[in-house]
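Observations on the model geometry
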Amino acid sequence: MKLAFDIALRFLKSSKGQTILIVLGIAIGVSVQIFIGSLITGLQKSLVDKTVGSAPQITVAPQEDGDFILDAQAEIKTIKAANPAEIKSLVAVTQGPAILKTPDQSTTIILRGFEWDDAQGIYKIADRLVKGNLGTNKNEVVIGKDLSENLNVKIDDTLEMITPTGKTGEFLVTGYFDLQVKSLNESWILTNTDTAQTFLETGDGVSQIEMQVNDVFVADEVAMDVEKRLNDETLIVTNWKEENAALLSGLSGQTASSLMIQFFVLISVVLGIASVLAISVVQKSRQIGILKAMGMQNPKASLVFLFQGFLLGILGAFVGIALGIGLSWSFATLVTNPDGTSLVPFYIDWFFIGISAGIAIIASTLAALIPAIRVSKLDPMEVIKNG
Amino acid sequence: MDNFVVEVKGVSKVYGKTIKTVALHELNLGFKTGSFNAIIGESGSGKSTLLNIIGTLDRPTKGEVIINGVSTRNMSKGRLADLRNETLGFVFQFHYLLPEFTAMENVLMPYRVAHGKADKESQKRAREILNLVGLEKVENNLATNMSGGQQQRTAIARALMNQPKIILADEPTGNLDSQTTDSIYQLFRKINQELGTTFIIITHDRRVAEKADRIVEILDGRISLDIVK
Ligand SMILES: Nc1ncnc2c1ncn2[C@@H]1O[C@H](COP(=O)(O)OP(=O)(O)OP(=O)(O)O)[C@@H](O)[C@H]1O
Ligand SMILES: [Mg+2]
């Protein structure tokens, strides 16, 4: 073992140019894998985060339009118990459409009422409030930034709203929010539960219960747990995955194409190593021949070449990791949006990097298998005869 | 019975399948323990073929080689490799040193093939052998950074490392000047006398052959002359 390793090391050291070339080859392969992998993962993470990071990921609502969930607190307890490890940020929402009237125009909005503290989990409303404060008193509301601009409404102004059933009410604007989605900023008016329940005439009922999960990609499974736990025909459980099928199929297409690229990079790395090591068997045949004449066993002689593949793989993987991280970092730093934030956030997935490096090392060792087999077949007589 | 350390029994060697070249014809030959033997013969007579078969590097077409009283005919490749490592030392016309290693490391190589790591004692031994062949000054030179004579002496030192019972040498001084040749044969003799190592040496040099205990001449794959002094 030790001798085979030492000889492998010495062979690699003695043909430095060749060694550096293969190491670079492997390193470039590994770095491309890491770069593409982290680019795609970073992209997908930020995309998913933008899509559902500040939105409900699972929603429980009555089957029939116009029905309400009467005992929200009890339902919330049941839901939470369905999967305590995953479910978080539960909030009961009372909502309904209304027409907002100003002196010059009227628009349709959605009035959403919840306990501000509960809503902090999903909507981070305290952070999204750009001006004023949250309306905690009866008939106080906060409105979207875009809506306030469209209608020229200011803080402390009074708004008039009409429900579809014709009920009217007057509300005091206490602040603006910016949810970073224009359509929501234009159509949502947020208030406390009490105000919404009174104005929308839901009594003690709420319209739906929203929640998030720790791992967004298992939202569908958690939704199933919730449905089973609730065991209530009148309620319907939806999750973001079924509503964003197009996005998800896009993501999985992306993942598949990235795997393809990585697969071909791997193949070219393996071919490169195998061919260079095959040449090196010819170059080193004198040495191998004499070692065998001296009594080195065939498996040991093969081991010399397997170790070379292994060492090249390790070296290549480490250089490749450094290159790949450098590449990802420069991409994240240099390729930016107009506002200076990176287009794709810098993201290091050590697990993925570990897998790439591991595969490179295993592949390099396996690539050395063919030359190693050739070595074991080499007859010392050939070398000694031909000088 | 004579105590032969190497015995060749009815060994034939035929090269080629369609056009057959018979290199050795049913040879019978025994070498005594501690003897110093020269094999001579004209070019193409079959000397190297015989030596390689004795050294178990090549297999005879017919017959068998007995080393230390044990037939090598049915030994596996691995078993033969161990036998070569423990019992045989080779010196070829070309030195076949590993150019990636120093003189010292090359000399240690047969030991490491057997034991993996070179311990203090083996290193001391390697140094002693290098002194014996007069290479103490260049022991840390890479094999490529030595003169032809030095390289050949390193190869001899390497053959001695595992204290083999038999040293097989195929024109070991073919590429050296007469002065170096003399000193190498003196060295062989010294080792032969001090350690009782058996030597079988192929040589073209009559002068060298005459100093041996026994001269075997090969002609067209047969023994044409066998002189024991
Ligand atoms: N691989 C081979 N294939 C066919 N014939 C061979 C092969 N090796 C050797 N021979 C033949 O066997 C015969 C003996 O060769 P060998 O090398 O033993 O001669 P030698 O006595 O060592 O000669 P030299 O003094 O030139 O080294 C020669 O006729 C040679 O042509
Ligand atoms: Mg010859």
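Everything quoted here is computed from the prediction, not taken from an experiment.

Rules and cut-offs
Numbering of residues starts from 1 in each chain and follows the order in which that chain's sequence is written. Each chain gets a letter, beginning with A, and each ligand a number, beginning with 1, in the order they are written. Selection of residues for local features in this predicted model requires a pLDDT of at least 70, selection of side-chain atom pairs for listing and counting requires 80 or more, and totals for whole chains, interfaces and linings are taken over all residues. In computing side-chain values, all of the structure's heavy atoms are included and hydrogens and water are not. Helical segments are the DSSP runs of H or I of at least four residues, strand segments are the runs of E of at least two, and each set is numbered from the N terminus. Here, residues are in contact when the closest pair of their heavy atoms is within 4.5 Å. Here the quantity called buried area is the accessible surface, traced with a 1.4 Å probe, that two parts lose on coming together, added over both. What counts as a salt bridge is simple: a side-chain nitrogen of Lys or Arg found within 4 Å of a carboxyl oxygen of Asp or Glu. Distance and chemistry together define a polar contact, namely a pair of N or O atoms within 3.5 Å, with one atom able to donate a hydrogen and the other to accept it when in protein, and with adjacent residues in sequence counting only for side-chain atoms on both sides. Each residue receives one of three labels: charged for Asp, Glu, Lys and Arg, nonpolar for Ala, Val, Leu, Ile, Met, Phe, Trp, Tyr, Cys and Pro, and polar for the others, Gly being one of them. Multiplying one less than the number of residues by 1.5 Å gives the expected span of a helix. In this analysis the local bend is the angle between axes fitted, respectively, to the seven residues ending at and the seven residues starting at the residue. Only protein chains enter the accessibility calculation, which uses a 1.4 Å probe; a residue whose area is less than 20% of its type maximum is buried, one above 50% is exposed, and one in between is partly exposed. Start and end positions for the domains come from either an automated domain assignment or a database one. Patch building starts from residues that exceed 30% relative accessible area and form no salt bridge, then joins like charges within 9 Å and nonpolar side chains (Val, Leu, Ile, Met, Phe, Trp, Tyr) within 5 Å. Exposure was quantified through the Shrake-Rupley algorithm and a 1.4 Å probe, taking into account, for residues, occlusion by the shown protein chains and nothing else. At least two bridges found by DSSP between two strands is the condition for calling them paired. Axis lines are fitted to C-alpha atoms, over the contacting stretch for helices. Their N-to-C directions set the angle, which ranges from 0 to 180 degrees. Nearness is judged by heavy atoms alone; a residue qualifies as near a molecule or strand once a single heavy atom is within 4 Å of it. To form a nonpolar core, buried Ala, Val, Leu, Ile, Met, Phe, Trp, Tyr and Cys residues must be joined to one another through side-chain atoms within 4.5 Å.

Time to look at the environment of I355(A). Summarising the element assignment, I355(A) is placed in helix α14 (residues 350-367). Sequence-wise, I355(A) and A245(A) are 110 residues apart; in three dimensions their C-alpha atoms are separated by 29 Å.

With that out of the way, let us pick up the interface of chain A and chain B. With 27 residues of chain A in contact, the opposing surface of chain B contributes 27 residues. For the chain A and chain B pair, buried surface summed over both sides reaches about 2,300 Å², with 63% attributable to carbon and sulfur atoms. When residues of chain A are sorted by the area they lose upon contact with chain B, L3(A), R10(A) and M294(A) head the list and together hold 26% of the total. Taken together, the links from chain A to chain B amount to 3 salt bridges. We note a salt bridge from R10(A) to E105(B), for which the minimum N-O separation is 2.6 Å. Seen at the junction of chain A and chain B, the total is 12 residue pairs in polar contact (both at pLDDT 80 or more). Listed by contribution, the elements that provide at least two residues to the side of chain A that touches chain B are α1 (2-14), α12 (285-293), α13 (298-334) and α16 (380-386) of chain A. Top contributing element to the side of chain A that touches chain B by residue count: α1(A), with 7 residues. Residues belonging to the side of chain A that touches chain B are distributed by class as follows: 12 nonpolar, 6 polar and 9 charged.

Moving on: the environment of F94(B). Within the secondary structure, F94(B) sits in the loop between β6 (88-91) and α3 (103-115). For the pair F94(B) and A155(B), spaced 61 residues apart in the sequence, the C-alpha separation amounts to 9.0 Å.

Working note: α-helix, 3.6 residues per turn, so residues spaced by three or four point in the same direction. Here α3(B) is 13 residues long and its end C-alpha atoms lie 19 Å apart, about the 18 Å a rise of 1.5 Å per residue gives. Remark: the principal bend of α3(B), roughly 45°, maps to M109(B), with a proline, P110(B), within the next four residues. With respect to burial, α3(B) is a largely interior element, 10 of its 13 residues being buried. Looking at α3(B), one finds that the buried residues are A103(B), M104(B), N106(B), V107(B), L108(B), M109(B), P110(B), Y111(B), R112(B) and V113(B). The inward-facing, buried residues of α3(B) contact α1, α12 and α13 of chain A together with α2 (77-87), α4 (120-132) and α5 (148-160) of chain B. Count one or two residues on from α3(B) and you reach G116(B), which has phi positive near 80°.

Interfaces are often sized by the accessible area lost when the parts come together. The domain architecture assigned to chain A consists of domain 1 (2-51 + 247-386) and domain 2 (64-232). Computed over C-alpha atoms, the centres of domain 1 of chain A and domain 2 of chain A are 53 Å apart.

Taken together, the side chains of M260(A), I261(A), F263(A), F264(A), I267(A) and L271(A) define a hydrophobic patch exposed on the protein surface, amounting to about 590 Å² of accessible area. Relative to the elements of secondary structure, F264(A) occurs in helix α11 (residues 245-283).

So, about the sheet that holds strand β3 (residues 36-41) of chain B. Each strand in a sheet pairs with another by means of backbone hydrogen bonds, the pair being arranged parallel or else antiparallel. All names here are of chain B. Strand order in the open sheet formed by 6 strands is β6-β7-β8-β3-β9-β10, and the pairing between neighbours is mixed. The sheet is open, and its two edges are formed by β6 and β10 (222-228), each paired on a single side. Each strand axis lies, on average, 15° off the axis of its neighbour in the sheet, ignoring direction. Where strand β7 (residues 166-170) lies against strand β8 (residues 198-202), 5 bridges are found, and the strand directions are parallel. Bridged to I167 within β8 is F199. Its contacts with the sheet put helix α1 (residues 47-54) on β3, β6, β7, β8 and β9 (214-219), and the angle it makes with β7 is roughly 155°. Here helix α6 (residues 178-195) sits on the sheet in contact with β3 and β8, set at roughly 155° to β8.

To continue, consider the pairing of strand β2 (residues 87-101) of chain A. Residue and element names in this part refer to chain A. In terms of strand pairing, β2 meets strand β9 (residues 208-213) through 5 bridges, oriented antiparallel. Within the sheet, the bridge partner assigned to I87 lies in β9 and is V213. When β2 meets strand β3 (residues 106-113), the two strands line up antiparallel, connected through 8 bridges. What sits directly across from T94, in β3, is G113. If you look at the hairpin formed by β2 and β3, you'll find 4 residues sitting between the two strands.

We now examine the sheet that holds strand β4 (residues 62-67) of chain B. Residue and element names in this part refer to chain B. What the 4 strands build is an open sheet, ordered β2-β1-β4-β5; its pairing is antiparallel. The strands lining the two open edges of the sheet, one partner per strand, are β2 (21-32) and β5 (70-71). Across 8 bridges, the pairing between strand β1 (residues 4-15) and β2 is antiparallel. Within the sheet, the bridge partner assigned to E7 lies in β2 and is G30.

In the vicinity of ligand 1 lie 13 residues, with S43(B), G44(B), K47(B), S48(B) and T49(B) positioned nearest. Each of chains A and B places residues near ligand 1. One nitrogen or oxygen atom from the main chain of G44(B) is found 2.8 Å from an oxygen atom belonging to ligand 1. In the environment of ligand 1, an oxygen atom lies 2.7 Å from a nitrogen or oxygen atom belonging to the side chain of S48(B). Against a free-state accessible area of 630 Å², the protein chains account for coverage of 64% of ligand 1. Broken down by element, the residue count for the shell around ligand 1 peaks at 3 residues, all from α1(B). For the shell around ligand 1, the class distribution of residues is 2 nonpolar, 7 polar and 4 charged.

The next point concerns unusual backbone geometry. Phi at Q180(A) is positive, roughly 65°, even though this residue is not glycine. Assignment of secondary structure puts Q180(A) in the loop between β7 (168-177) and α7 (182-187). The class of Q180(A) is exposed, set by a relative accessible area of 64%. Unlike most non-glycine residues, Q163(B) shows phi in positive territory, near 45°. In this structure, Q163(B) sits in the loop between α5 and β7.

Moving on to the nonpolar core. Soluble, globular proteins show a tendency: their nonpolar side chains are buried together. Judged by nonpolar contacts, the single largest core of 78 residues is most densely connected at I7(A) and L50(B). Tallying contributions element by element places α13(A) first for this core, with 10 residues.

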